[in-house]
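Fold and contact review
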Amino acid sequence: STDGESIIVNVIAFEMATCKTLLNLEEGDALALAGNLTPKVWTDKQGTVRPSLDMVAHRALTACEVQRKGNV
């Protein structure tokens, strides 16, 4: 969001290649996802309503994959 707060994105995948890509990620890895996105809200312990997103990812692409494709 524009005010510097993070938005939680809950991602689920069913395609094996997409699942493998997600499972091989390390903290800080860049990632692009394609799929269906549903906006949601959740309430934190202080009672503040916060935005979140649920995504069914059909495709995941990492920065490493982009670099490899560029070298082909």
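Right, let's walk through the structure included here. Quantities reported herein were computed from a predicted structural model and do not represent experimental measurements.

Turning next to the pattern of salt bridges. Under the counting rule described, the total for this entry stands at two salt bridges. The shortest N-O distance in the salt bridge between lysine 40 and aspartate 54 comes to 3.6 Å. Of this pair, lysine 40 sits in strand S2 (residues 31–43) while aspartate 54 sits in strand S3 (residues 49–62), placing them 14 residues apart in sequence. The class for lysine 40 is partly exposed, based on a relative accessible area of 40%. Notably, a salt bridge pairs aspartate 44 with arginine 50, separated by 3.0 Å at the nearest N-O pair. Its relative accessible area of 11% is what places aspartate 44 among the buried residues.

With respect to the helices, strands and loops of the structure, aspartate 44 is situated in the loop between S2 and S3. One polar contact links the side chain of aspartate 44 to the main-chain amide nitrogen of glutamine 46, over a distance of 3.0 Å. In this structure the side chain of aspartate 44 is engaged in a polar contact, spanning 2.8 Å, whose partner is the backbone nitrogen of threonine 48.

The three strands lie next to each other as S1-S3-S2, forming an open sheet whose pairing is mixed. Strand pairing shows two members of the sheet lacking a second neighbour, strand S1 (8–13) and S2, which therefore form its edges. Going from strand to strand, the sheet's axes swing by 25° on average, the running direction of each strand aside. Both S1 and S3 contribute to a ladder of six bridges, which runs parallel. For valine 9, the partnering residue across the bridge sits in S3 and is leucine 53. Where helix H1 (residues 16–23) meets the sheet, its contacts fall on S1, S2 and S3, and the angle it forms with S3 comes to roughly 115°.

Of the strand pairs in this sheet, S2 and S3 are connected by 13 bridges, and their pairing is antiparallel. Bridge assignment links glycine 35 to a residue of S3, and that residue is alanine 57. Counted between consecutive antiparallel strands, the loop separating S2 from S3 contains five residues, among which glycine 47 sits at a positive phi close to 85°.

Rules used throughout
Residues numbered from 1 in each chain as written. Predicted model: local features only at pLDDT ≥ 70, side-chain atom pairs only at ≥ 80, totals over all residues. Heavy atoms only, no water. Salt bridge = Lys/Arg side-chain N within 4 Å of Asp/Glu carboxyl O. Helix = DSSP H or I, 4+ residues; strand = E, 2+ residues; numbered from the N terminus. Buried < 20%, exposed > 50% of the residue type's maximum accessible area, 1.4 Å probe, protein only. Polar contact = N/O pair within 3.5 Å; in protein donor to acceptor, adjacent residues only side chain to side chain. Pairing = 2+ DSSP bridges. Axes fitted to C-alpha atoms, helices over the stretch in contact; angles between N-to-C directions. Contact = heavy atoms within 4.5 Å.

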